[in-house]
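Summary of the model geometry
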Amino acid sequence: MTRIWNAAEVAARFVLGATFVYWGARKLVDAIGLGAPDAGGWTAYMERFGVPGALLPLVILTELGAGLLLIFGAYTRAAAILLAGFCILANYFFHTHFDLPPPAGHFNWIIFIKNFAVAGGLLAIAAHGAGDWSFDGLGRSRRQSK
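Here is what the cut-offs are and how they apply
Residues numbered from 1 in each chain as written. Predicted model: local features only at pLDDT ≥ 70, side-chain atom pairs only at ≥ 80, totals over all residues. Heavy atoms only, no water. Salt bridge = Lys/Arg side-chain N within 4 Å of Asp/Glu carboxyl O. Helix = DSSP H or I, 4+ residues; strand = E, 2+ residues; numbered from the N terminus. Buried < 20%, exposed > 50% of the residue type's maximum accessible area, 1.4 Å probe, protein only. 1 Å grid on protein atoms, 1.4 Å probe; cavity = no way out; pocket = protein on both sides within 12 Å on 5 of 7 lines; lining within 4 Å. Points joined across faces, edges and corners; volume = space filled by probe spheres on them. Nonpolar A, V, L, I, M, F, W, Y, C, P; charged D, E, K, R; others polar. Phe/Tyr/Trp six-rings, centres within 6.5 Å; stacked < 30°, edge-to-face > 60°. Axes fitted to C-alpha atoms, helices over the stretch in contact; angles between N-to-C directions. Parallel < 35°, antiparallel > 145°, perpendicular 65-115°, else oblique. Left-handed = near helix turned anticlockwise from the far one by under 90°. Contact = heavy atoms within 4.5 Å.

1. Overview of the pattern of salt bridges
Following the criterion strictly, the structure yields one salt bridge and no others. The closest approach of N and O atoms between Lys 27 and Glu 63, which form a salt bridge, is 3.2 Å. Note that Lys 27 is positioned in helix α1 (residues 2-31) and Glu 63 in helix α3 (residues 56-72), a separation of 36 residues in sequence. A relative accessible area of 4% places Glu 63 in the buried class.

2. Thoughts on the layout of surface pockets
Considering only enclosed or pocket space, the largest pocket measures out at about 1000 Å³ in volume. Lining the largest pocket are 36 residues, with Lys 27, Phe 86, Ala 90, Phe 94 and His 95 positioned closest to its centre. Only α1, α2 (42-48), α3, α4 (76-94) and α5 (104-128) provide two or more residues apiece to the lining of the largest pocket. For the lining of the largest pocket, the element with the highest residue contribution is α4, accounting for eight residues. Considering only residue class, the lining of the largest pocket consists of 23 nonpolar, seven polar and six charged.

3. Description of the packing of aromatic side chains
Scanning the entire structure with this criterion turns up 14 aromatic pairs. Taking 5.0 Å as the distance between ring centres and 80° as the angle between the ring planes, the aromatic pair formed by Tyr 22 and Trp 23 counts as edge-to-face. Since its relative accessible area comes to 46%, Tyr 22 is described here as partly exposed. Judged by its relative accessible area of 33%, Trp 23 is partly exposed. Between Phe 93 and Phe 94 the ring centres are 6.4 Å apart and the planes differ by 55°, which places this aromatic pair in the tilted class. Residue classification places Phe 94 among the buried residues on the basis of a relative accessible area of 13%.

4. Some remarks on the packing of α4 against α5
Axis angle and axis distance: for two packed helices, these are the angle between their axes and the distance between the axes, and together they describe the pair. Direction vectors running N to C along α4 and α5 enclose 160°, while the axes themselves pass 8 Å from each other. By the angle class used here, α4 and α5 are roughly antiparallel. In this structure, the crossing between α4 and α5 has a hand that is left-handed. In terms of residue class, the contact of α4 with α5 is made up of 18 nonpolar, five polar and one charged.

5. Description of the environment of Trp 133
Position of Trp 133 relative to the elements: it lies in the loop between α5 and α6 (135-145). Among the residues examined, Trp 133 registers a relative accessible area of 43% and is labelled partly exposed. Between the C-alpha atom of Trp 133 and that of Val 29, which follows or precedes it by 104 residues, the distance is 31 Å. Once residues within four sequence positions are removed from consideration, Trp 133 is found in contact with Arg 3, Asn 6, Ala 7, Val 10 and Arg 13.

Printed below as a string of C-alpha cells:
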C-alpha cells in the first residue's frame, strides 16, 4: 500500500507544480518576445490592476522556481507555502472583479474559487511534506541511515 501513497504524493506534486511551471514559462516566453503577448503583455495586464509591471520577473521566478521545486519534491514545504500565498495574492489583485459583464465576471469567480482550492491542496502538501519519492525524502532517508 505504501507504493500507492508514494505514487499519489508524486502525482499531487506534479499536477499542482506543472500548473505553475506552465504559467511561469508562458509569461517568460511572452516577456522575451517569443510568444504573442495577451492583451498587450503580462506587464500591461499587471499594471491594469495596480500591480507594478516591474514585478513580472519575480512572478516568473516564483511560478517556475517553486513549481519545479514542488514537482521534484525539493524544499517542498517552503515551495508549497510560497505558491499557496501566490494563489491568495493573485485572487486579491486579479480575480475579485465579479461585477464585470458576462462572461468575464463569472470567469473571475471560477478562477477565484479554483485558486482557493489549489491553495488548499498546496497547504496540505506543506503540512504533510513531499513524501518518500522526492529529493526531500531522499535526504531524509540518507540522514536516517547514518
